[in-house]
Amino acid sequence: MRTFAQPSRFMRRLRQFLTDSFQLQRQKGRFILCAVFLAVATLLAIVGVSGGQFTFIPNGTFFANSGGASETYSTIRGGIDLTGPFFQSMGTNGRSCATCHQPSDAMSVAAANIQKRFDQTQGMDPIFRTVDGSNCNHSIDVSTVVGRSAAYSLLRTRGLIRIAIAVPTNADYQVVNVSSPYGCNESDVLSMYRRPLPTTNLRFLSTVMFDGRESSPATGTTKILFSNYPTSLLNDLAHQSVDATINHAQGDGTRPTLAEQQQIVNFEMALFTAQTIGNYVGRLDAHGANGGPVALTTQPFFLSINSSVNPLVPTLETPGGLVTPGDGKFTPAIFSPFDAWAALPDTSPRAAVARGQAIFNSKPISITGVAGINDDVSAGGLVAGGIHSLQGTCGTCHDTPNVGNHSFPTPLNIGTGDPSPSNASANLGGSDVSYLPAITVCKTDLVTGGPTSICKTTTDLGQALIDGRFDHVGKIKGPILRGLSARAPYFHNGSAQTLLDAVQFYEGRFGLVLTPHEESDLVAFLSVL
């Protein structure tokens, strides 16, 4: 993580110059971005020439990405203080929290930028460590650049960190086969390959980590509920900061101290990230729109807000409600920042964003085969006997208003990690998963103690690797959808390299029918969240 210094008078003038350079020109009927890629490049070039270091990123700083530019806004101190424990190496391998949670990448890491770090350091940047950055941690050679390139290929190309988790001793299943292209074929401690989640917009979290392990009794933490929020969230984040330092930075457990944990949590909870400038559409808070991160700081939220489940089964995801807790209301109109652009001429790029928002909010989806929704209640589904098909929209699973994660801790398996029965190299939506291990688990026979013939093959056990339940194989939480353009690739396993790939996954998985024009509009919307 590069550090930035608190702006001097010169730097304040530079900031103003860079802000001015983001002004938009109209060319051939389309808005184009003048200097998105100039801002950070110029800043870093000046730092390199001067030999100085910044220790502060002021609010209003833009970071270029493929969709335009994002901004991370802090509600404290007027920006991001890069001197706190979040940015300090507290382990033994040179890493800090910021190694995998970069302000430039919406507080996650984009695979393209990881590749740049590899090229700049010949694979010696702290993110490249065999503890979890390499495809496997044995039978590898990282003594040469060529060896490091091969060892860290998943990190470079998919942005994946290897998470080693032991199979719970109380698991009601057995691991009968692990087929890994990289040699990590152990069946007692499994290697899961996952994208680092953003450490921003955390006020809207309903569970911590993709598999919920930092909001689970399995790690001594607490499930986040309406009755204990935000205390449970804050405690879970503090616990996670210690676990991350021990496991990823190879710390000894003495740091972060209790005081440092509090500083990290305070820092994280103050951050809000979103796209601020879009290619062809310009400022996302212009012409009546309400995009960008600042609006998120006042976005109403409580656990189970706008629950899509509670109106269907009132005993679940309580208290539910849209305006007030327990009012029983739900709206599929999850996102509204670009409502004002709907009235613009059809040829306007801003109108395309509004159309994409409408598709997200209203396009019908027939939800089938999703563990956590369609299965029997005993397996974690909604009702006894299950629901063969549920007519929903994107907002059924992404129900938090203007944020897009699920507002209650409801892990689901939509098939992003499950091989297709007709093509083991692709998942259920047709995305490539050939680079991931295939893991087969079978339910345990309670009489013989051996495996039964009831088995599942997947690339990631998800929640089942935390609570030991066969019925929970492959279940993970859906992430917050803001700042997407800054942190490709997508899904927990990086199987969607682009936003169009992500959209096409849903087309293949659920039979969602979109015209090429609708695909383009939906991608235009997702790219400016």
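Residues numbered from 1 in each chain as written. Predicted model: local features only at pLDDT ≥ 70, side-chain atom pairs only at ≥ 80, totals over all residues. Heavy atoms only, no water.

Caption draft 1: Local environment of the overall build of the chain. Helix and strand content of the chain: 12 helices and 17 strands. Expected size for 529 residues packed as a compact globule is a radius of gyration near 24 Å; at 23 Å, the chain falls within 12% of this value. In terms of overall dimensions, the chain has C-alpha extents of about 75 × 55 × 45 Å along its principal axes. Taking all 529 residues of the chain together, the buried fraction comes to 56%. Taking as baseline every contact in the chain between residues at least 6 positions apart, the subset at least 24 positions apart corresponds to 64%. Accessible surface, the chain: about 21400 Å² in total, of which carbon and sulfur atoms supply 56%. Computed over 36 positive and 37 negative side-chain charges, the inter-centroid distance for the chain is 9 Å. (Helix = DSSP H or I, 4+ residues; strand = E, 2+ residues; numbered from the N terminus. Rg over C-alpha atoms; globule rule 2.2 N^0.38 Å. Buried < 20%, exposed > 50% of the residue type's maximum accessible area, 1.4 Å probe, protein only. Contact = heavy atoms within 4.5 Å. Areas by Shrake-Rupley, 256 points an atom, 1.4 Å probe, with all protein chains shown as cover. Lys, Arg positive; Asp, Glu negative; His and termini not counted. Charge placed at Lys NZ, Arg CZ, Asp CG, Glu CD.)

Caption draft 2: The sheet that holds strand E8 (residues 173-179), seen in detail. Within the open sheet, the 3 strands sit side by side as E8-E16-E17. Their pairing is antiparallel. For this open sheet the edge positions go to E8 and strand E17 (451-458), each flanked by a neighbour on one side alone. Across this sheet, the average inter-strand angle for adjacent strands is 25°, counted without regard to direction. Across 6 bridges, E8 lies against strand E16 (residues 438-444) in antiparallel orientation. (Pairing = 2+ DSSP bridges. Axes fitted to C-alpha atoms, helices over the stretch in contact; angles between N-to-C directions.)

Caption draft 3: The side chain of Arg-117, seen in detail. Looking at where Arg-117 falls in the secondary structure, it is placed in helix H3 (residues 111-121). Apart from residues lying up to four places away in sequence, Arg-117 is in contact with Thr-99, Gln-102, Val-109, Asp-125, Ile-127 and Phe-128.

Caption draft 4: How the structure looks around the state of the cysteines. A complete count under the given rule lists 2 disulfides for this structure. In this model, Cys-136 is linked to Cys-184 through a disulfide, with the two sulfur atoms separated by 2.0 Å. Between Cys-136 and Cys-184, the disulfide has an S-S torsion of 100° and is therefore right-handed. Taken together, the residues span a long stretch of sequence, with Cys-136 in the loop between H3 and helix H4 (145-151) and Cys-184 in the loop between E8 and strand E9 (189-194) at a distance of 48 residues. Taking relative accessible area as the criterion, Cys-136 reaches 1% and is therefore assigned buried. Disulfide partner of Cys-442: Cys-455, at an S-S distance of 2.0 Å. Across the S-S bond of Cys-442 and Cys-455 the torsion is about 100°, and the bridge reads as right-handed. With Cys-442 in strand E16 and Cys-455 in strand E17, the pair connects residues that are 13 residues apart, well separated along the chain. (Disulfide = S-S within 2.5 Å.)

That's the geometry; what it means functionally is another story.
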